[in-house]
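# Structure assessment
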Amino acid sequence: MSYLDISTWEQTFQELMEQEKPWAKWSLKLDGTILPGHTAPGWKQYQQTAFGRFWCSLCHRSWSSAQVKILCHMYREPGKSQGQVLMRVFAQRCQKCSWSQFEKPEFSTESIKRILQNLIQYILWRYYGHDFRKMPMIREVPLNGPHDTNNCEACTLGSCTKGSLKQTAKPSTFPTKICCSSPQMDNVLFEEPVGNPDPFFWFIIICLVVFALIFSPNSIKP
Ligand SMILES: [Zn+2]
Ligand SMILES: [Zn+2]
């Protein structure tokens, strides 16, 4: 599934949109010039992080990354149920080749669908008043590890450091969907997931304190 194969993206986008808003007319186009935080007047921005695979055109090695940044700028015609989305997928460079160019990623069909589902959920929330909490975003499995900032296009544009690419709206639940598990991830560019402290961690701490109070020698009465 190629990054440049916009027809696949466009077709999937239209199919998913048809299920939600059959009368709406939205278009999806690739645009390699849009920049994070630089929307035209009246446009909205939505960013997400996905799992993609890259190939170096010099040494032909491949690597996977869970930190592929996808930027969308969108606009809805005032008073109409039609709009347009511009999408930019940020590239990465090979770590091994000193003169490597930025390579565009490829995505699995499942990943493309997930990315577009999240995008459409955002459109429905932003422009049609849908409740985001009822349509939880599907995130890739969070993975730990260093992110190769020198070879990440989004990082070179100053928009990919930890926590800088925030989702505009966060639903209350994030069901994690494991996909795209690659048997050969020889150069995985991962970043620590951004998030709040695990509530389970605090639950354990509170339980320990309660148990300590209950079973401490002072509390045992004859
Ligand atoms: Zn290379
Ligand atoms: Zn980056």
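Anything mentioned here points back to the structure above.
Below or above, wherever it landed, is the structure these notes cover.

Conventions we followed
- Residues numbered from 1 in each chain as written.
- Chains lettered and ligands numbered in written order.
- Predicted model: local features only at pLDDT ≥ 70, side-chain atom pairs only at ≥ 80, totals over all residues.
- Helix = DSSP H or I, 4+ residues; strand = E, 2+ residues; numbered from the N terminus.
- Buried ≥ 20, exposed ≤ 12 C-beta atoms within 10 Å, placed from the backbone.
- Contact = placed C-beta atoms within 7 Å.
- Expected span 1.5 Å × (residues − 1).
- Core = buried A, V, L, I, M, F, W, Y, C linked by C-beta atoms within 7 Å.
- Pairing = 2+ DSSP bridges.
- Axes fitted to C-alpha atoms, helices over the stretch in contact; angles between N-to-C directions.
- Parallel < 35°, antiparallel > 145°, perpendicular 65-115°, else oblique.
- Left-handed = near helix turned anticlockwise from the far one by under 90°.
- Nonpolar A, V, L, I, M, F, W, Y, C, P; charged D, E, K, R; others polar.

### Regarding the overall build of the chain
When its secondary structure is counted, the chain shows four helices and six strands. In the chain, the succession of α and β elements from N to C terminus is α-β-β-β-β-α-β-α-β-α. Expressed as a percentage of its 222 residues, the buried residues of the chain come to 27%. In the chain, of all internal contacts separated by at least 6 residues, the share reaching a separation of at least 24 is 73%.

### Considering helix H2 (residues 109-128)
Helical periodicity: at 3.6 residues per turn, an α-helix aligns residues three or four positions apart in one direction. With 20 residues, H2 extends 27 Å between its outermost C-alpha atoms, agreeing within 8% with the 28 Å of an ideal straight helix rising 1.5 Å per residue. Listed as buried for H2 are Ser111, Ile112, Arg114, Ile115, Leu116, Asn118, Leu119, Ile120, Gln121, Tyr122 and Ile123. Positive phi appears at Gly129, one or two residues downstream of H2, with a value of about 70 degrees.

### Focus: the nonpolar core
In terms of nonpolar packing, the biggest core is built from 32 residues, with Ile70, Cys72, Val85, Met87 and Leu119 touching the most fellow members. Residue assignment for this core shows that the elements contributing at least two residues are helix H1 (6-20), strand S1 (25-30), strand S2 (44-55), strand S3 (62-76), strand S4 (82-89), H2 and helix H3 (153-156). Ranked by the residues each element gives to this core, the list is headed by H2, at seven residues. Setting aside anything within four residues of it in sequence, one finds Cys72 in contact with Gln45, Tyr46, Val85, Leu86, Met87 and Leu119.

### So, the sheet that holds S1
The sheet built from four strands is open, its strands ordered S1-S4-S3-S2 with mixed pairing. Each having just a single partner strand, S1 and S2 make up the two edges of the open sheet. Neighbour-to-neighbour, the strand axes of this sheet turn through a mean angle of 25 degrees, independent of strand direction. The strands touched by H2 within the sheet are S2, S3 and S4, with S2 carrying the most contacts at an inclination of about 180 degrees.

### A short note on the environment of Leu157
Here Leu157 shows up in the loop between H3 and strand S6 (176-177). Looking at Leu157, the number of C-beta atoms within 10 Å reads 14, which means it is partly exposed. In sequence terms Leu157 and Phe90 are 67 residues apart; their C-alpha atoms lie 9.9 Å from each other.

### Examining the packing of H1 against H2
Put simply, H1 and H2 touch, their axes get as near as 10 Å, and they point 45 degrees apart. Viewed along their axes, H1 and H2 adopt a mutual orientation that is oblique. Of the two possible hands of crossing, H1 and H2 adopt the one that is right-handed. Judged by residue contacts, Thr8, Trp9, Thr12, Phe13, Leu16, Met17 and Glu20 of H1 engage Ile112, Lys113, Leu116, Gln117, Ile120 and Leu124 from H2. Among the residues forming the contact of H1 with H2, the class breakdown is eight nonpolar, three polar and two charged.

### Description of the pairing of S2
In this sheet, S3 lies alongside S2 in antiparallel orientation, the contact comprising 11 bridges. Counted as the bridge partner of Gln48 is Ile70 from S3. The loop that links S2 with its antiparallel partner S3 comprises six residues; one of these, His60, has a positive phi angle of about 65 degrees.

### Some thoughts on the environment of Ile123
Along the chain, the position of Ile123 falls in helix H2. Its 23 C-beta neighbours within 10 Å are what place Ile123 among the buried residues. Each C-alpha atom of the pair Ile123 and Arg76 lies 9.3 Å from the other, and the pair is 47 residues apart in sequence.

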